[in-house]
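Close look at the chain arrangement
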Amino acid sequence: MTINIILLGPPGAGKGTQARKLVDDRGLVQLSTGDMLRAARSSGTEMGKRVAEVMDRGQLVTDEIVIGLIREKLSEGGNGFIFDGFPRTLAQADALGHLLDETGMVLDAVIEMQVDDQALVRRITGRYTCGNCGEVYHDDTKPTRRAGVCDVCGSTDLRRRADDNEDSLKTRLLEYYKKTSPLIGYYYAKGKLAPVDGLAEMDQVAAQIEGVLPVSSEIATGT
Ligand code: AMP
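Residues numbered from 1 in each chain as written. Predicted model: local features only at pLDDT ≥ 70, side-chain atom pairs only at ≥ 80, totals over all residues. Heavy atoms only, no water.

Here we look at the sheet that holds strand β4 (residues 109-114)
Strand order in the open sheet formed by five strands is β2-β3-β1-β4-β8, and the pairing between neighbours is parallel. Two strands bound the open sheet, and with one partner strand each, they are β2 (29-32) and β8 (193-197). Averaged over all adjacent pairs, the angle separating strand axes in this sheet is 25 degrees, with direction ignored. Packing of helix α1 (residues 15-26) onto the sheet brings it into contact with β1 (5-8), β2, β3 (81-84) and β4, and relative to β3 it is tilted by some 170 degrees. With respect to the sheet, helix α9 (residues 202-212) is in contact with β1, β4 and β8, its orientation differing from that of β8 by roughly 160 degrees. (Pairing = 2+ DSSP bridges. Helix = DSSP H or I, 4+ residues; strand = E, 2+ residues; numbered from the N terminus. Axes fitted to C-alpha atoms, helices over the stretch in contact; angles between N-to-C directions. Contact = heavy atoms within 4.5 Å.)

Written out as structure tokens, the structure reads:
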């Protein structure tokens, strides 16, 4: 038995952090369209160049591009997928439904990570990550122990995202409310929605998510 889930929530809700935990704990494959687009940018592909400006402004890139990225990755199986930052529009949600049907996969749950806007601004404007291992830090709540050095892997490649500033955050929030938040009703109507309190401590959020998923032993034994 595999599980496939969507992490849904505004920028800064903690989707990436929880996705990384689920990868470690459950062996799921994280499909983050944001990470894929950033990788395309830094490798300088045509598509990467085309989307760079859109991303920096905080707008959504076209449905066609992100659906194409997801379609390519769905063949990579494993214990299931965590869709992180995808879908972000109703068209993407419909496309994902078709892709899952075509490949015989089932969507188990859509975890809605609830947070308030003020917390998002605080979380995002202080955020930085390790370019080597992906560990996430924050200026106020979780700085590195040694300035400029990752606690986990020792790398000095600490990065801030170009779109983690107040201006593009405003656009990203607007895009979320206009285009992505209708997915809450969409998945509620499909009986898939599972809200969690994204403002709780990281481990408590993880526990809430675990409470929604089938227990790991069921996955191991296929029951
Ligand atoms: P994220 O890392 O998920 O915050 O995504 C960073 C940026 O990548 C977003 O602000 C968008 O410009 C773009 N992006 C990521 N995922 C999608 C998506 N599913 N649809 C459209 N644009 C996306």
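There is more to say, and it comes next.
Topic: the packing of helix α2 (residues 33-42) against helix α3 (residues 46-57)
Put simply, α2 and α3 touch, their axes get as near as 8 Å, and they point 120 degrees apart. One way to sum up the angle between α2 and α3 is to call them oblique. Two packed elements cross with a definite hand, and for α2 against α3 that hand is left-handed. Contacts between α2 and α3 pair Gly34, Leu37, Arg38, Ala40 and Arg41 from the former with Met47, Gly48, Val51, Ala52, Met55 and Asp56 from the latter. When the residues that make up the contact of α2 with α3 are grouped by side-chain class, the tally is six nonpolar, two polar and three charged. (Parallel < 35°, antiparallel > 145°, perpendicular 65-115°, else oblique. Left-handed = near helix turned anticlockwise from the far one by under 90°. Nonpolar A, V, L, I, M, F, W, Y, C, P; charged D, E, K, R; others polar.)

Notes on the UniProt feature "domain: Adenylate kinase active site lid" (unreviewed entry) in the protein chain
Residues given the UniProt feature "domain: Adenylate kinase active site lid" (unreviewed entry) here are residues 127-163. The span residues 127-163 carries 0% helix and 24% strand; its end-to-end C-alpha distance comes to 11 Å. (UniProt positions renumbered as here; feature names shortened; annotations may be inferred.)

With respect to the site of the ligand
In the vicinity of the ligand lie 16 residues, with Thr33, Arg38, Gln59, Gly85 and Arg88 positioned nearest. One of the backbone N or O atoms of Val61 is found 3.1 Å from a nitrogen atom in the ligand. Compared with its free state, where it exposes 480 Å², the ligand has 96% of that area covered by protein. Looking at which element gives the most residues to the shell around the ligand, the answer is α2, with four residues. Taken together, the residues of the shell around the ligand break down into six nonpolar, five polar and five charged. (Near = heavy atom within 4 Å. Polar contact = N/O pair within 3.5 Å; in protein donor to acceptor, adjacent residues only side chain to side chain. Areas by Shrake-Rupley, 256 points an atom, 1.4 Å probe, with all protein chains shown as cover.)

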